[in-house]
Amino acid sequence: MGFFFPPVRCRHDDLKEMLDSNKDSLKLEAMKRIVAMIARGKNASDLFPAVVKNVACKNIEVKKLVYVYLVRYAEEQQDLALLSISTFQRGLKDPNQLIRASALRVLSSIRVPIIVPIMMLAIKEAASDMSPYVRKTAAHAIPKLYSLDSDQKDQLIEVIEKLLADKTTLVAGSVVMAFEEVCPERIDLIHKNYRKLCNLLIDVEEWGQVVIINMLTRYARTQFLSPNQNESLLEESAEKAFYGSEEEDAKDAKVEAASLAKRKPYVMDPDHRLLLRNTKPLLQSRNAAVVMAVAQLYFHLAPKAEVGVIAKALVRLLRSHSEVQYVVLQNVATMSIKRRGMFEPYLKSFYIRSTDPTQIKILKLEVLTNLANETNISTILREFQTYIRSMDKDFVAATIQAIGRCATNIGKVRDTCLNGLVQLLSNRDELVVAESVVVIKKLLQMQPAQHSEIIKHMAKLTDNIQVPMARASILWLIGEYCEHVPKIAPDVLRKMAKSFTNEEDIVKLQVINLAAKLYLTNSKQSKLLTQYVLNLAKYDQNYDIRDRARFIRQLIVPTEKSGALNKYAKKLFLAQKPAPILESSFKDRDHFQLGSLSHLLNAKAVGYQELPDWPDEAPDPSVRNVEVPEWTKCTSREKRKEKVEKPFYSDSEGESGPTESADSEPESVSEESSSSSSSGSSSSGSEEEEEEEEEEEEGSGEQSEKEEEEEKRTKRKEKESSRQAAPGSVGSEEEKEEEEDGTKEAKKKKVSQGRKSCAETSSEEASASESSSSGSDSGSKVEAKRRKPPTSRAGPKEISLLDLDDFTPPPPQPVPSSSIVSTSLVTDLEGLMLTDTSLAPALLSPAFGAVRTYELLHRMAGEGLSVEYCFSRRPFPGDPHMVAIQIQISNNTDAEVKSLRVSEPKLLSGMRIQEFPEIERLVPGDTASVVMGIDFCDSTQAANFQLCTHTRHFYVSIQPPVGELMAPVFMSENEFKKEQGKLTGMSEITEKLTLPEKCRSDHAIVQQMTSAANVGRVPCGADNEYRFAAKTVTSGSLVLITLERREGGVAQLTVNSEKMVIGTMLVKDIIQALAQ
Amino acid sequence: MIHSLFLINCSGDIFLEKHWKSQSVCDYFFEAQEKAIDVENVPPVISTPHHYLISIYRDKIFFVSVIQTEVPPLFVIEFLHRVADTFQDYFGECSETAIKDNVVIVYELLEEMLDNGFPLATESNILKELIKPPTILRSVVNSITGSSNVGDTLPTGQLSNIPWRRAGVKYTNNEAYFDVIEEIDAIIDKSGSTVFAEIQVASSNCLMRFHLPLCHYLQNPRLLDDVSFHPCIRFKRWESERVLSFIPPDGNFRLISYRVSSQNLVAIPVYVKHMISFKENSSSGRFDVTIGPKQNMGKTVEGVVMTVHMPKAVLNMNLTATQGSYTFDPVTKVLTWDVGKITPQKLPNLKGIVNLQSGAAKPEENPSLNIQFKIQQLAISGLKVNRLDMYGEKYKPFKGVKYITKAGKFQVRT
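Residues numbered from 1 in each chain as written. Chains lettered and ligands numbered in written order. Predicted model: local features only at pLDDT ≥ 70, side-chain atom pairs only at ≥ 80, totals over all residues. Heavy atoms only, no water.

## A word on the overall build of chain B
Counted only if it meets this: Starting at the N terminus, helices and strands are each numbered in turn, a helix being any DSSP run of H or I of at least four residues and a strand any DSSP run of E of at least two. Burial classification: accessible surface area is computed with a 1.4 Å probe over protein chains only, and a residue below 20% of its type maximum counts as buried, one above 50% as exposed, and the rest as partly exposed. Note on contacts: a residue pair qualifies if any of its non-hydrogen atoms lie within 4.5 Å across the two residues. In this description, accessible areas are obtained by the Shrake-Rupley approach with a 1.4 Å probe, and a residue is regarded as covered only by the protein chains that are shown.
Of regular secondary structure, chain B possesses eight helices and 23 strands. By the burial criterion, 59% of the 414 residues in chain B qualify as buried. Pairs at least 24 residues apart make up 69% of the contacts formed inside chain B by residues separated by at least 6 positions. In the form shown here, chain B has an accessible surface area of approximately 17100 Å², with 50% of it arising from carbon and sulfur atoms.

Structure, rendered in structure tokens:
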């Protein structure tokens, strides 16, 4: 390593020696010293090679310190930093989740553009890691990668989308953070996750809460209607009357009246209500940032009547650190302008202590002024009186201004205030006097006639007062109202003319003004003086003053050349001037989102997301619907409450535990397959990336470049084989994890293992088939993958899975034990996990083996094109009333089949069909799989349509078995009995049957039943009874099935359903199935 | 969010810096620091052409963080305070020397607390599992065995939804202590009438040493106007039954903070008689203050300390105290009178002459008096801990409750 440096720079020889030694303790000592150097801001970059060698050190503390060092200096020494990459890549595969996470953390923090592809891959993999901690780290890595290379945005959005669907509280905050940094404009990604986020919110860690609440505020502004739409108009007009001019108002009023009439009565969207309800308890958080976030959410989103709740919490924050007070008061100041009533009860909490820092005092003063009204003004003024005697002069000045504002806003106390201020004119402190003068000037402008005494008094002050602003104010006053003080005014001008050259610029300008006005009103006395002043001004150093003098001379002194304006000089100078409005500097600040940095600075900060205005028309609320809404509703709170003794912190513990496992198991499996398939064959681009990656790896491993070629080959082989082995190892690891996870899942595990093994084999098959097919084939598939919204189905299905386990009491085996259902579940889950590749055909293929397939088009009839279909028993995305039909098309001809599509459906009335997207081409020997949806209207009538290729049309028809026209419903025994009670008489069909020998075990019965019809099992107390429930897909009417087994293989089958036809047909089908 | 963090002492030296994203300069901060007369007046948020600096001031250290994009300022401020709390927790004090001595641990801590500027682990129990706090014993052991301060497993708390509790905690003695500490905030005006008084935020600190119980901690909750909770408390039960139900964190923590509504009349336990005056055209003034107990419910008022920021013109003070001792710092102009316990028989009094700078004008205003005091075994609001029940464990822990009433921001205007 030595030759990296010329000997001159070897300052840190001892450190280098220590780092090279074999002892961990020496290395640790060296690293500690290096970190101390970094902390003090000293440059330790020349040690880079020596440090980076230790990246693989076994000692965890050394390792961590090396990470600290690496992150700090990698950007400066990119080439050397690459040496460490392979260590992290190894770390990413470590069985310890902490190590996986920290490897990802450091890898993503190294800002070296060349490793962007590696980072991308690592993030994608980590996003489907089974440890939520690693997934969280992946979410953190997203903005890092984005800031390094913004071209990756599209891919990162995919990852974000996937992580947004995550149900663990740990991930939620971090992924929303990533969302905000990478793609805050993609509000559509939130729709499906909105309710989940609202429900999880209370259990998310506090920092995440802040980010989520801020994001949801923005979301709600785009999706819901304003809860105050009617009131706000009234309020606005009221306010305008206060500040604005009359005419403007009248105009507005008309518009408003029109718009008022147009509006329908307002009903709050239930999702809007959900957000408000779920954030409210967070007002009691110990974290000020969370409280503030909720406060701003309420301020921006809640109906006016409900905003009041936040005042209490905000006032509580005033006890916190002074910095917190500072920020809170800024926001309170803004709020108190809009909603004065809210803080009025807490008026006294804003009283000022002499120990408060000045900036806090001034803010409190602002709030007090905003809160002042007719009733409380006397208390406030008394309080102000104490403040005026404070030692803190800046504060006193601010108080005087505050008094001025109170006086302008509340006419009743104007005279009192004015008198008080005049008294202050004799104050010993010049600053106080000056400030008073300025404020008095503004007040006098409102009613000058009555106050010539005060003006006279002030004129006398010119002798003593030195503060320029105050002098200028006095001069302006005298000039403006010189008619009220005709004797004094010329005298003042005389004095000022004497001292003109020594005055400040603003004073000089006012002297010129005064002179001009006097010249116009009293030219006899002041003509000479004016000439004198203007002459002085003519040679002033300041060009403003010279300009002003020239301008005024032309205007007022009549000469031959001076034009028409001369006549109007008096009108120009002595026009009625409107009194100034003393306004809060916090007015209109609320167009910035409260609590934001931009609001605090009153300037748009970088990256600030504008708070959108309420929409006029509510956007479609159904976008937030996650299908099978019953499940989402009962997942969390209400239900858990019943069994309080088990989970204590019901909300997340109860939920996240099982969710996580259900989530992560198949995820990891499928992830394995997806990563291998995507990198293996999907695109040539990733192939290249792989090569690069490998090169880097080698570079880091060994320095010699000659062996590279050979090694690359061997390595690739190794990689391939390890990849194949991977799923197994991951599976076993999961089991370990699960064992750690605890007791509750024990019963679940059996099920999941069953599921898992299926999934594994299927995914292996999948990857095999994928990689065997040629590279170019998948164009159309990729297309198809993209087009499908992947997450939509994921949510509800998953939840129902969980709840299935939750609902069934332990003794009877839950439904998934039957192989048919479980395979379909596997396909479901695969669909879920592969988010972006959800409909990859090969992955669905195993389902065909187990689920009954039907032939749509025989290869003979179809001239080499054969089409099969099956009922995948999944909800059809986009329309819950449709039955999803999985169609598999194989091309057995020698030629390409092009533009394969459905056309001219001949349907009975009411039936609807949703064609699959056109398949552009199908290469010989290849198979494509697509999904179409048909709404059969709860009848077994066939749907007829044509299947077209670019050359031929085939007439085909699909006739559904009655068992496929329904979807399982999960209910408790009691619910079942209750529903059954309602469906008696005509709706009940009973049939006796004899069960054959092989079909008498529980398992067989359940299996046959679920294969015959798409039903869900209902738990049942009695041993010899089996219950199943389903709903018809179109009308949603219940179908309840009871099978009572008696001695000697005799059984009684009862079907209860409103739809008698379906009931009868179903009985037939079931008996047939059971008799087989 | 947070790009960099600087720790700066009062004299303007950076003694620790840590960067997450990029580096920058804090000249703008120094400028603001110089401009402010008082350390407290350094604005918490400073806008510079390329960055925003958000700072807090704690224990004579400025924590300055550098921000580049929009972020809720409170988010950063709250986090910085959490950092300072963590240092306090680890090193016993949050001072420049403590941080300098433990710079490596500080670095390791910051590394765990923030990832890419976004908070990662801020719960002290989790941090303590990741990085063990330094103790003398451990440093000796470490130097002999070569083991390290850094844990190598993921703290289970990180993954569970009760991150405040460590797993597998065992104690030989199981104890639960509650300190109910109530603070009275008040402003008393010149004539002795109360302008504003609130038992504004009182805190209830708990020390819990348990295996893993569930506790129900009952109070008479009608008084509590506005409450903030430690995240361990279940909102639902509070809302429905007004019972505090929680799995406690391990060790010392603040369970709830509350404010007793200002509508309730607050009993002020002390009164102050004062006579402070400056004579016109002479360089002296009179100072006479007496403190006495009032409405103290039979308890003694202890630990009474009075601090007064005298006007700038005051040069010196010549006083005699009937009880306790006083100091006057001529540089900061702060008068401190440590009274101790108040005995109603003999009221403490501080009296004497104030010397003003010759030639200086008579100060217009009188300073306000800040009073501190403490009353043991009294919760002035009348709040009580009724019961502590435990569920899920068989053993009987030792339970103790302590009430203290203190002065919060208690100010007497003169």
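So much for the structure itself; the text now carries on.
## Remarks on the overall build of chain A
Within chain A, the secondary structure is distributed over 47 helices and 15 strands. When burial is assessed residue by residue, chain A has 57% of its 1076 residues classed as buried. Contacts in chain A between residues far apart in sequence, at least 24 positions, make up 68% of those at least 6 positions apart. Roughly 46400 Å² of accessible area belongs to chain A as shown, and the carbon and sulfur atoms make up 51% of that amount.

## Re the pairing of strand β18 (residues 325-329) of chain B
Residues and elements named next belong to chain B. The criterion, for reference: Here, a strand pair is defined by DSSP locating no fewer than two bridges between the strands.
Of the pairings in the sheet, the one linking β18 to strand β19 (residues 334-340) comprises five bridges and is antiparallel in character. Within the sheet, the bridge partner assigned to D329 lies in β19 and is V334. The antiparallel hairpin formed by β18 and β19 contains four residues in its connecting segment, where K333 sits at a positive phi of about 60°.

## What about the confidence of the model for chain A?
Residue and element names in this part refer to chain A. The test is simple: The predictor attaches a confidence to each residue, and that confidence, scored 0 to 100, is pLDDT.
Of the residues in chain A, 74% have a pLDDT of 70 or more, and the chain-wide mean is 73. Least confident of the elements in chain A is helix α43 (residues 841-844), whose mean pLDDT is 34; most confident is helix α17 (residues 288-301), at 92. Confidence over residues 1-10 falls short of pLDDT 50; this stretch has eight contacts with residues more than four positions distant or in other chains. Counting contacts from residues 232-258, a segment whose pLDDT is below 50, to residues more than four positions away or on other chains yields 18 contacts.

## Observations regarding the nonpolar core
Which entries qualify depends on this criterion: Note on terminology: a nonpolar core comprises buried Ala, Val, Leu, Ile, Met, Phe, Trp, Tyr and Cys residues joined through side-chain atoms within 4.5 Å. Domain start and stop positions are those given by an automatic or database domain assignment.
F350 of chain A together with F63 and F87 of chain B are the most contacted members of the largest nonpolar core, which totals 269 residues. Take this core: its biggest share by element is twelve residues, from α17 of chain A. Counting contributing residues per domain, this core is built from domain 1 (2-145) and domain 2 (175-266 + 378-412) of chain B, each supplying no fewer than three. Non-local contacts of F63 of chain B, meaning those with residues more than four positions away in its chain, are made with L5, F6, L7, I54, S55, I56, R58, L80, V83, A84, F87 and C94 of chain B.

## Focus on the interface of chain A and chain B
The condition is simple: Note on definitions: buried area is the accessible-area loss of two parts on being combined, 1.4 Å probe, summed for both. For this document, the term salt bridge refers to a Lys or Arg side-chain nitrogen within 4 Å of an Asp or Glu carboxyl oxygen. As a working rule, the residues Ala, Val, Leu, Ile, Met, Phe, Trp, Tyr, Cys and Pro are called nonpolar, Asp, Glu, Lys and Arg charged, and the rest polar, with Gly in that last group.
Every contact between the two is made by 97 residues of chain A and, on the other side, 101 residues of chain B. Carbon and sulfur atoms supply 56% of the area buried between chain A and chain B, which totals about 8900 Å² over both sides. Where chain A touches chain B, the interface holds ten salt bridges. The class makeup of the residues in the side of chain A that touches chain B is 42 nonpolar, 27 polar and 28 charged.

## Let's talk about the pairing of strand β2 (residues 14-19) of chain B
Residues and elements named next belong to chain B. Most of β2 is tucked away: five of the six residues are buried. Pairing analysis gives five bridges linking strand β1 (residues 2-9) to β2, with the strands arranged antiparallel. Counterpart to L5 in the pairing with β2 is K18.

## Things to note about the sheet that holds strand β20 (residues 349-356) of chain B
Residue and element names in this part refer to chain B. This is how the line gets drawn: In this description, a line fitted to the C-alpha atoms serves as the axis of each element, helices being fitted only across the stretch in contact, and the angle between N-to-C directions of two axes falls anywhere from 0 to 180 degrees.
Across the sheet, which stays open at both edges, the four strands sit in the order β14-β15-β20-β17 with antiparallel pairing between neighbours. Because the sheet does not close on itself, it has two edges, and the strands there are β14 (270-278) and β17 (314-321). The sheet shows a mean angle of 15° between the axes of neighbouring strands, direction not considered. Here seven bridges tie β17 to β20, and the two strands are oriented antiparallel to one another. Bridge pairing in β20 places V314 opposite L356.

## Details of a nonpolar patch on the surface
Going by this rule: Exposure above 30% relative accessible area and no salt bridge define the residues that can form patches, which grow by joining like charges within 9 Å and nonpolar side chains of Val, Leu, Ile, Met, Phe, Trp and Tyr within 5 Å.
Together, L565, Y568 and L572 of chain A give the surface a local cluster of nonpolar side chains, amounting to about 320 Å² of exposed area. Positionally, L572 of chain A belongs in helix α32 (residues 569-573).

## So, the packing of helix α24 (residues 414-424) of chain A against helix α25 (residues 430-444) of chain A
Think of two packed helices as two axes; the pair is described by the angle between the axes and how far apart they sit. Residues and elements named next belong to chain A. Formally: Angles below 35 degrees are treated as roughly parallel, those above 145 as roughly antiparallel, those between 65 and 115 as roughly perpendicular, and all remaining angles as oblique. Whether a crossing is left-handed or right-handed is set by the direction in which the near helix is turned from the far one by less than a right angle, anticlockwise for left-handed and clockwise for right-handed.
The N-to-C vectors of α24 and α25 enclose an angle of 150°; their axes lie 9 Å apart at closest approach. As far as their axial angle goes, α25 and α24 are roughly antiparallel. Here α24 and α25 pass one another in a crossing that is left-handed. Within the contact between the two elements, α24 uses L418, L421, V422 and L424 and α25 uses V432, V433, S436, V439, I440, L443 and L444. The residue inventory of the contact of α24 with α25, partitioned by class, reads ten nonpolar, one polar and no charged.

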